[in-house]
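Geometric and topological summary
Spelled out, the chains give:
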Amino acid sequence: MTSRTAVDVRPITESEFADWQRALNVGFLREPGLDQDILDARRAQFTPGRSLGAFDAGRCVATFRSFAQELTVVGGATVPADAVTNVTVTATHRRRGLLTRMMAQDLTAAKERGDVVATLIAAEYPIYGRYGFGPATSATEWTVDVPRAGLDPRWAGPADGGRIDLVDAEDVRKLGPELYERLRRGQPGAVSRDELWWRITTGAVRFHPTFHEPYYVVYRAADGRVEGMAAYTADDNWGDAKQPLNTARVKWLTGVTPAAERALWHFLCSIDWVVKVTSGWRAPDDLLPHFLPDPRAAAVTTHADWMWVRILDVVRALEARTYGAAGELVLEVTDRAGLAGGRFRLEASEDGSGVCAPAAGSADLTLDVAELAALWLGDESAVRLAALGRVREERAGAARQADALLRTSRRPWCPDVF
């Protein structure tokens, strides 16, 4: 067995991209090889220095990639983030510390660049807490039983003067970015999308041998402005008695107003022959069930953690967001990696702004940097974490005060997988 030190962990060169991509596919249990055109398309994501590989005797046996991202925080500000993705270790090289070495290199570089946080979507829950990541958002998928929903089967369009239109991929690339920017500026947990994202999602750049073009639909308000957009597919399923049993599957749905969301969901539930609609990953407090006369028609299919966050700069992270009450809290933050630990005083004002600085004296709460990440976007409760033994109160009532400061009326949500 090759020793740990004999495995070379380093940024890959462009000439090593094909070997790195093969290792990525093996790690995710996909077919190892790629057609040349697919491989060339995936090179669009290669950024020198941001793709790491572990090499044993010249063969890539572990992969890691990060890219620049903006993350929206509570109050609408954005912070620079180090988005982590494409993390694999080949089965022959597990338990040799390769992920730990790659993660340390990447997070150190992110800290030096001035990124406030790192983010990722965790394929497995137990892995990333040991690197200081905490689950900061969750996501829920519903399946709507259309006949049970109670909607008028004669529905032919929004009653608010708006309209629904089918569009093509080129329209999505033109209209989608501005619409999504409007959403993400007001949605804590949302992340930036670059031009490549829109080209991939509409099939202009193809990362897979087969691309099944979805249907694209937009909602225009009465004044003609686009306020909602969705992509969906539909199957072709008929019962033995020739009754339609088709399912419409939402790939993504963006609405910047409740009226836009309502109109799009009602449209999806009105498509002839469709008896079920799957929502795709939505915010856990999404309004979808309550757009239906019978909310029980929307059954939760899956609910799970979604985006994880690793705080790299406590002061900038806490000063970037706004707060629901005035107050002062001293946090003792532990960080095994030594990137963001220390004692910090947060002072929140009546106007919602916060000031944070290193502090002396006694702490009110002691918590790991991963637990701070779980609290930072407002989704988790310090009282709950204290009950679980993951936050320690040094002053009675400090956890309840932390909730008053940090928790939000609507839950954070990341619409994307990355």
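The following refers to the structure shown. Residue numbers run consecutively from 1 along every chain, following the written order of its sequence. In view of the model being predicted, local features appear only for residues whose pLDDT reaches at least 70, and side-chain atom pairs are presented and counted only at 80 or more, with totals across whole chains, interfaces and linings using the full set of residues. Excluded from the side-chain calculations are hydrogens and water; all other atoms, namely the structure's heavy atoms, are used.

Attention now moves to the sheet that holds strand 4 (residues 78-89). For two strands to be treated as a pair, DSSP must find at least two bridges joining them. Runs of E in the DSSP output that reach at least two residues are strands. Runs of H or I that reach at least four are helices, and both are numbered from the N terminus. In spatial order, the strands read 1-2-3-4-5-14-6; together these seven strands make up an open sheet with mixed pairing. Strand pairing shows two members of the sheet lacking a second neighbour, strand 1 (8-11) and strand 6 (134-135), which therefore form its edges. Relative to strand 14 (residues 307-311), strand 6 is paired through two bridges, and the arrangement is antiparallel. Directly across from Gly134, in strand 14, lies its bridge partner Val309.

Core analysis: the largest hydrophobic core is formed by 45 residues, its most contacted members being Leu71, Val117, Met307, Val309, Ile311 and Trp376. By definition in these notes, contact holds between two residues if any of their heavy atoms fall within 4.5 Å. Beyond its immediate chain neighbours, meaning those up to four positions away, Val309 contacts Leu71, Val117, Ala118, Thr119, Gly132, Phe133, Gly134, Ala136, Ala373 and Trp376. What makes a nonpolar core is a set of buried Ala, Val, Leu, Ile, Met, Phe, Trp, Tyr and Cys residues whose side-chain atoms join them at distances within 4.5 Å. Here the term buried applies to any residue with accessible area under 20% of the maximum for its type, exposed to any over 50%, and partly exposed to those in between, with areas from a 1.4 Å probe on protein chains only. Of all hydrophobic cores here, the second largest spans 27 residues; its members include Ala221, Ala230, Val274 and Ala298.

Another point: the pattern of salt bridges. Within this document, salt bridges are pairs made up of a side-chain nitrogen of Lys or Arg and a carboxyl oxygen of Asp or Glu, the two lying within 4 Å of each other. The tally for this structure, following the rule as stated, stands at 29 salt bridges. Across the pair Arg184 and Glu70 runs a salt bridge whose closest N-O atoms are separated by 2.8 Å. Of this pair, Arg184 sits in helix 4 (residues 169-184) while Glu70 is found in strand 3 (residues 59-72), placing the two residues 114 residues apart along the sequence. By relative accessible area, which is 3% here, Arg184 ends up buried. Given the relative accessible area of 31%, Glu70 is considered partly exposed.

So, about the layout of surface pockets. With a 1 Å grid spanning the protein atoms alone, the term cavity applies to any set of points in which a 1.4 Å probe fits but cannot get out, the term pocket to an open set with protein on both sides within 12 Å along at least five of seven lines, and the term lining residue to any residue with an atom within 4 Å of a point. Grid points are joined across faces, edges and corners, and a volume is the space filled by probe spheres set on the points. The volume enclosed by the second largest pocket comes to roughly 440 Å³. Leu183, Gly186, Gln187, Glu261 and Arg410 are, among the 22 residues lining the second largest pocket, the residues nearest its centre. Among the secondary structure elements, those contributing two or more residues to the lining of the second largest pocket are helix 4, strand 11 (246-255) and helix 6 (258-268). No other element matches strand 11, which puts three residues into the lining of the second largest pocket. Grouping the constituent residues of the lining of the second largest pocket by class yields eight nonpolar, seven polar and seven charged. When residue character is reported, Ala, Val, Leu, Ile, Met, Phe, Trp, Tyr, Cys and Pro are called nonpolar, Asp, Glu, Lys and Arg charged, and the others, Gly included, polar.

Below, the discussion takes up the sheet that holds strand 11. Strands sit in the order 8-9-10-11-12-7-13 across an open sheet of seven strands; the sheet is mixed. Only two strands of the sheet have a single partner each, and these edge strands are strand 8 (163-167) and strand 13 (298-305). Shown here is a sheet whose adjacent strand axes are inclined to one another by a mean of 25 degrees, direction ignored. Pairing analysis gives seven bridges linking strand 10 (residues 226-234) to strand 11, with the strands arranged antiparallel. Looking at strand 11, one finds that Ala231 is bridged to Trp252. For helices, the axis comes from a line fit to the C-alpha atoms of the stretch in contact; other axes are also lines fit to C-alpha atoms, and the angle between any two N-to-C directions lies between 0 and 180 degrees. Contacts from helix 4 reach strand 8, strand 9 (215-220), strand 10 and strand 11, with the element oriented near 125 degrees to strand 10.

Let us look at the pairing of strand 11. The side chains of a regular strand alternate, residue by residue, between the two faces of the sheet. By the criterion of burial, strand 11 is predominantly enclosed, with eight of the 10 residues buried. For a crossover, the right-handed case is the one in which the path from the first strand over the helix to the second runs clockwise, viewed with the strands pointing away from the viewer. Read from strand 11 through helix 6 to strand 12 (residues 274-278), the crossover connection turns out right-handed.

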